[in-house]
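Results of the structural survey
The primary structure of each chain is shown beneath.
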Amino acid sequence: MTEIAYDRDADLSLIQGKKVAVVGYGSQGHAHALNLRDSGVEVVIGLKDGSTSIPKAQEAGFEVKNVADASAWADVIVILAPDQYQRTIFAESIKDQLTDGKAIVFGHGFNIRFGYIEAPEGVDVFMVAPKGPGHTVRREFEAGRGVPVIVAVEKDASGSAWDLAWSYAKAIGGLRAGGIKTTFTEETETDLFGEQAVLCGGVSQLVQYGFETLTEAGYQPQIAYFEVLHELKLIVDLMWEGGIAKQRWSVSDTAEYGDYVSGPRVIDPHVKENMQAVLADIQSGAFAKRFIDDQDAGAPEFKELRAKAEAHPIEATGKELRALFAWKQQDDDYTDGSAAR
């Protein structure tokens, strides 16, 4: 049975009694740090010397230390650097600063699940993963709401790791919406699968194929863009609000009928078989190895795939159309590919 916790189920004073180092000040790092501080927690930011994030953290009023010094100072070390960098940061700057009674916290289980970081003895190891990007985690917290979190404990050296994990989840606002108990393995495998098969890989490929099908048939690219990409937000919002059933209830009868008769023609049983193969690669560690090996080599495959995707005709069409809109979504985290990565 699924276990769900809310604010009333957690003791905020537990994390308030700890010194917390947040390693990384990107999307999740800044949100966790600000929310923790607003919840009465003493927070220091850990960044490598020369990091471009140092001025941002200092402007927000945080003391910044290098990662080793921050880890030595802290009782709780929150590792929120990108997945591909975590094992190096841990080995070089965190591992030797761990003493019995400390805790390390992750926002995603990748490095623990695939063995790139081994949970040390004598230290609590847990995860609090918000189900939303950092700017949303922060915005919802400031509005008095929260983004749901999933919580796991890999190692309970103290015997009270779960209590501290729920306390941390409460401090970042997650238990206002609800926290679901999980494991590092379940979180990692389902998260990677969701990203690759549906949310990012699946949807992106479906949109591109739809655009190509219409434009190759002679339809205007601008019209194709509206029909297969722009309106997607309307459909996803309806699903988010009330599931697939609300989406089908909200659209026209023509659209609903087309959903039933044409959806299975496009997404046929072979697609599910391909999804199962993707899941198998995730479970076996094959995807993780491919990703990390490529990153270690300087990311040649990643950069080639990114450049190819950015050159797809739908991107030029979309950029042209969005420039004409009277409204624009402006998020500080979004660069539209123009800023240095």
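Counting from 1, residues in each chain are numbered in the order their sequence is written. Only residues with pLDDT of 70 or above have their local features reported here, since the model is predicted, and side-chain atom pairs are shown and tallied only from 80 upward, although totals for entire chains, interfaces and linings are computed over all residues. The side-chain quantities take in all heavy atoms of the structure and omit both hydrogens and water.

Let us look at the sheet that holds strand β2 (residues 19–23). Pairs of strands are assigned from DSSP output, requiring at least two bridges between the strands. Strands here are runs of E lasting at least two residues and helices are runs of H or I lasting at least four, both read from the DSSP assignment and numbered beginning at the N terminus. Spatial strand order, β1-β9-β8-β7-β6-β5-β2-β3-β4: nine strands in an open sheet with mixed pairing. Every interior strand has two partners, whereas the edge strands, β1 (4–5) and β4 (64–65), have only one. The pairing of β1 with strand β9 (residues 179–181) spans two bridges and is classified as antiparallel. The partner of Ile4 across the bridge, within β9, is Ile180. In this description, contact between two residues means that some pair of their heavy atoms is separated by no more than 4.5 Å. Here an axis means a line fitted to C-alpha atoms, over the contact stretch when the element is a helix, while the angle between two N-to-C directions is reported on a 0 to 180 degree scale. Lying on the sheet, helix α8 (residues 161–171) is in contact with β1, β5 (76–79), β6 (103–106), β7 (124–130), β8 (149–155) and β9; it crosses β8 at an angle near 150 degrees.

It is worth spelling out the side chain of His30 at this point. Looking at where His30 falls in the secondary structure, it is placed in helix α2 (residues 27–38). Counted as a polar contact is a pair of N or O atoms within 3.5 Å, where, for protein atoms, one must be capable of donating a hydrogen and the other of accepting one, and residues adjacent in sequence contribute only when both atoms are in side chains. A polar contact of 3.0 Å, which involves the side chain of His30, links it to the backbone oxygen of Gly26. Excluding residues within four positions of it along the chain, His30 makes contact with Tyr25, Gly134, His135 and Arg138.

On to the UniProt feature "domain: KARI N-terminal Rossmann" (unreviewed entry) in the protein chain, then. UniProt positions are given in the numbering used here, feature names are shortened, and annotations may be inferred rather than shown by experiment. Taken from the UniProt record, the annotation "domain: KARI N-terminal Rossmann" (unreviewed entry) applies to residues 1–182. Here residues 1–182 is 38% helix and 21% strand, with 11 Å between the C-alpha atoms at its ends.

Should the charged atoms of two oppositely charged side chains come close, the side chains can pair. In what follows, salt bridge is the name for a side-chain nitrogen of Lys or Arg lying within 4 Å of a carboxyl oxygen of Asp or Glu. If you walk through the whole model with that rule in mind, you get 14 salt bridges. Residues joined in a network through salt bridges with shared partners are Asp38, Arg138 and Glu142.

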